Amino acid sequence: MKSYFDLIDDGGSDIAGQVGRQRERIAEALAGVQHIVAIGSGKGGVGKSTLTMQLALAMQRRGRRCAILDADLNGPCQARLAGLENAALIPGGRGMTLPRTANGLGVVSVGSAVPESQDLDFASVARGDSHVWRATREFNLFQQLLGLVEWGRLDVLLVDLPPGAERTLQYAEVLGASARFVLVSIPTALARGVVARSTAALRRTPNATLGLIENMSGYYCEDCDEVRPLFDHGRVDTAPELGLPVLASIPFDARLAAASDAGDLESPRGPAVRAIEAAADSILNGLAERRAG
Ligand code: ADP
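Residues numbered from 1 in each chain as written. Predicted model: local features only at pLDDT ≥ 70, side-chain atom pairs only at ≥ 80, totals over all residues. Heavy atoms only, no water.

Visitor: Describe the nonpolar core, listing the residues and the values that go with them.
Guide: Grouped together as the largest cluster of nonpolar side chains are 40 residues, with contacts concentrated most on Met53 and Ile283. Mapped onto this core, the elements with two or more residues apiece are strand S1 (33-40), helix H2 (48-61), strand S2 (66-70), strand S6 (154-160), strand S7 (180-185), strand S8 (209-221), strand S10 (246-252) and helix H9 (271-292). Of all the elements, H9 adds the most residues to this core, at 8 residues. Beyond its immediate stretch of four places on either side in the chain, Met53 contacts Ile68, Gln78, Leu81, Ala82, Leu105, Val107 and Leu265. Ranked by size, the runner-up nonpolar core spans 37 residues in total, among them Ile26, Ile36, Val195 and Leu202. (Core = buried A, V, L, I, M, F, W, Y, C linked by side-chain atoms within 4.5 Å. Buried < 20%, exposed > 50% of the residue type's maximum accessible area, 1.4 Å probe, protein only. Helix = DSSP H or I, 4+ residues; strand = E, 2+ residues; numbered from the N terminus. Contact = heavy atoms within 4.5 Å.)

Visitor: Break down the state of the cysteines for me, citing the residues and quoting the values.
Guide: Summed over all chains, the structure comprises 1 disulfide. For Cys221, the disulfide goes to Cys224, at an S-S distance of 2.3 Å. Classification of Cys224 by relative accessible area gives partly exposed; the value is 30%. (Disulfide = S-S within 2.5 Å.)

Visitor: Would you mind going over the site of the ligand in detail, with residue names and values included?
Guide: Among the 16 residues in the neighbourhood of the ligand, the closest are listed as Gly45, Lys48, Ser49, Thr50 and Asn215. One of the side-chain nitrogen or oxygen atoms of Ser49 is found 2.8 Å away from an oxygen atom of the ligand. Between the ligand and the protein, one listed contact pairs a nitrogen atom with a backbone N or O atom of Asp253 at 2.9 Å. When isolated, the ligand has an accessible area of 560 Å², and the protein chains bury 81% of it. Secondary-structure elements contributing two or more residues to the shell around the ligand are H2, S8, S10 and helix H8 (254-261). (Near = heavy atom within 4 Å. Polar contact = N/O pair within 3.5 Å; in protein donor to acceptor, adjacent residues only side chain to side chain. Areas by Shrake-Rupley, 256 points an atom, 1.4 Å probe, with all protein chains shown as cover.)

Put into structure tokens, the structure is as follows:
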């Protein structure tokens, strides 16, 4: 078992001083980042990580400089999605150099430092810690990563948020009021209920939510070359109750799942990838509008 805290400074006892210094470090590290877009849901398994990677790739194809920060420290997926399971976090001039895929996408994921065969131990001073204390330690690590990495000049930094609607507020606070959120749901009442909580949490922040991406809105049948219904009990319309614009509806495409598993960044350009590109365009338009406004 390996603690990621072996790799990163866990701080000392001067908590107030540390908080101030950490905020300064984060502001300095993010100085060249034009936009932060956090991809959340509240619910796990809805395709948030897959879509974060695909949105970043789509934005890159549109000439934007992008990077991903995998904030899901307990279930980091971005290292595998990027094929960067063994990308060492190398100290650079100021902090850690940004690991990059062959096509130049920056990806920071705890999964690059800790093999999947090892669990992550958020060890702390006292064993048997409360859940809250554990969460605080994880959150501290997230902030340290944000401040330690040399992000350089980026058009968009995408943050893949962990599940847990209630923690959205904390992420919004650390990422700052200018960070935008995009929520991912699937067309079931179960997912919609959890996403509704995240939406409610975000309404309490100054952060804008650009919209909702509805994933698994159907499935792409390769043999018949059409998108078919995925949920037998009929599609639950996700958006009206959430009061968010739907940026795109993305079908399940088994080829995308296979490519994601293999860390292959070139998945076939079918209806799913095209819909993700439409979502990327909506997000980029939303960012441009808000900057102009
Ligand atoms: P989350 O980050 O919300 O937990 P993941 O991105 O890990 O979800 O997705 C869960 C699984 O579903 C993964 O195996 C992923 O490859 C697959 N998946 C998600 N969305 C799609 C899609 N539109 N087409 C094909 N596979 C998908």
